[in-house]
Amino acid sequence: MTVTEPDTPVTAASESAEDIAPVGSARSERISALVQQHGALAVLVIVSIIASFSFDSFATGDNVTNMATSSAFLAIVALGMTFVIITGGIDLSVGSLFALGGVLAAWGSRHGTLVALLLPLAVCGLVGVVNGLLVARSRLAPFIVTLAAMLGARGLMLAITDEGADTYLIAKGSFLAELGQGTTLGLGNPVWITLALFAAGAVVLRRTRFGQHVYAVGGNEDAAALMGAPVARTKILVYTLSGVLAGLAGALNAAWLASGVTILGNGMELEAISAVVIGGTLLTGGLGFVSGSLVGVLLLKVIQNVINQIGSLDSSYQQVVSGAFLALVVIAQTWLGRRRQLM
């Protein structure tokens, strides 16, 4: 008796299984990527809609304008932090550089607007260069290097202001004051400057060779070096950029307040890191989005505004909520990352 083996059906079934598995894995990977990139935006929209129906003053023009302007300074700092974290680094000096930039801008305003703008950019950028050199050339830990820079910049700021006793003012009606306090099409000038910087940052990160090097260094530094990417130069540039943007944010904030306030910037480095991570940038480097960092800043500011709208909650709850939200985001990122590796 002859037995016919079902060769054809078995082969077809096995091919179907092999075809279906990659399709399912690819779909799951796309969903995970979308959640990581746009999850913060979805949460921002949901929270904003709920707050708009819950509080009459939340969606008013004045409140939205105030939130946008107050978010601009942190957003500029977070933009520089995005580049640093994508390379796998960290910059703890930005809060002190923010305060130093504001004091230098107010002090320099006595000698003209050009000095007021260039001085904080030059000094804070120089601190960024030193950070980059120590991290890239000396191979020191970014945490230690930027922590030392944070203390040094804060000390320099206190020395300039005689331990905070001197507060330098910016003359009303000057171009610098108009830059910080003026409005264009209903939005403050700092907001437009921030949007322009983020647009430029997105182009640099996604469309230039430098942006490719930033991702390559964060993804695998050794592999990037073997591919010919200038690892050391890329690190120096991202820390320099972070310092310059922190100084610029401080200068704009001083122009907005018409004075160089010495107590500002405490904890701003942690807020910037939180916004960047909430926006989808991995702390381990190699993956990040400029637009996500902007959304992360807005989400933090909206949460703070909602707590202020409630009124019965102390301002310290802002830090509690922000910390809890950051912890959830990091856990979600870790889970999504492991899931994509298993696919």
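Our subject is the structure listed above.
Keep in mind it's a predicted model, so treat the numbers as computed, not measured.

Chemist: Explain the packing of helix 2 (residues 61-86) against helix 7 (residues 189-207) to me, and be specific about the residues and the numbers.
Modeler: Remark: helix 2 packs on helix 7, axes separated minimally by 8 Å, with the N-to-C direction vectors making an angle of 20°. In terms of orientation, helix 2 and helix 7 fall into the roughly parallel class. When you trace helix 2 past helix 7, the crossing you get is left-handed. Across the interface between the two elements, Ala-68, Thr-69, Ala-72, Phe-73, Ala-75, Ile-76, Leu-79, Phe-83 and Ile-86 from helix 2 touch Pro-190, Val-191, Thr-194, Leu-197, Phe-198, Gly-201, Val-204 and Leu-205 from helix 7. Residue composition of the contact of helix 2 with helix 7, by class: 14 nonpolar, 3 polar and no charged.

Chemist: Outline the packing of helix 2 against helix 12 (residues 290-310), listing residues and values.
Modeler: At their nearest, the axes of helix 2 and helix 12 sit 8 Å apart, and the two run at 140° to each other. Our classification of the angle between helix 2 and helix 12 gives oblique. At the point where helix 2 passes helix 12, the crossing takes the right-handed sense. Facing Asn-63, Met-67, Ser-70, Ser-71, Leu-74, Ala-75, Ala-78, Leu-79, Thr-82 and Phe-83 of helix 2, the residues of helix 12 in contact are Val-290, Ser-293, Leu-294, Val-297, Leu-298, Lys-301, Val-302, Asn-305 and Gln-309.

Chemist: Tell me about the layout of surface pockets, residues and numbers included.
Modeler: In this model, the largest pocket occupies a volume close to 360 Å³. For the largest pocket, the lining is made up of 13 residues, of which Phe-98, Leu-264, Met-268, Glu-271 and Lys-301 are closest to its centre. Considering every element that reaches the lining of the largest pocket, the biggest residue donor is helix 2, with 3 residues. Among the residues making up the lining of the largest pocket, the classes are represented as 7 nonpolar, 4 polar and 2 charged.

Cut-off values and rules
Residues numbered from 1 in each chain as written. Predicted model: local features only at pLDDT ≥ 70, side-chain atom pairs only at ≥ 80, totals over all residues. Heavy atoms only, no water. Axes fitted to C-alpha atoms, helices over the stretch in contact; angles between N-to-C directions. Helix = DSSP H or I, 4+ residues; strand = E, 2+ residues; numbered from the N terminus. Parallel < 35°, antiparallel > 145°, perpendicular 65-115°, else oblique. Left-handed = near helix turned anticlockwise from the far one by under 90°. Contact = heavy atoms within 4.5 Å. Nonpolar A, V, L, I, M, F, W, Y, C, P; charged D, E, K, R; others polar. 1 Å grid on protein atoms, 1.4 Å probe; cavity = no way out; pocket = protein on both sides within 12 Å on 5 of 7 lines; lining within 4 Å. Points joined across faces, edges and corners; volume = space filled by probe spheres on them.

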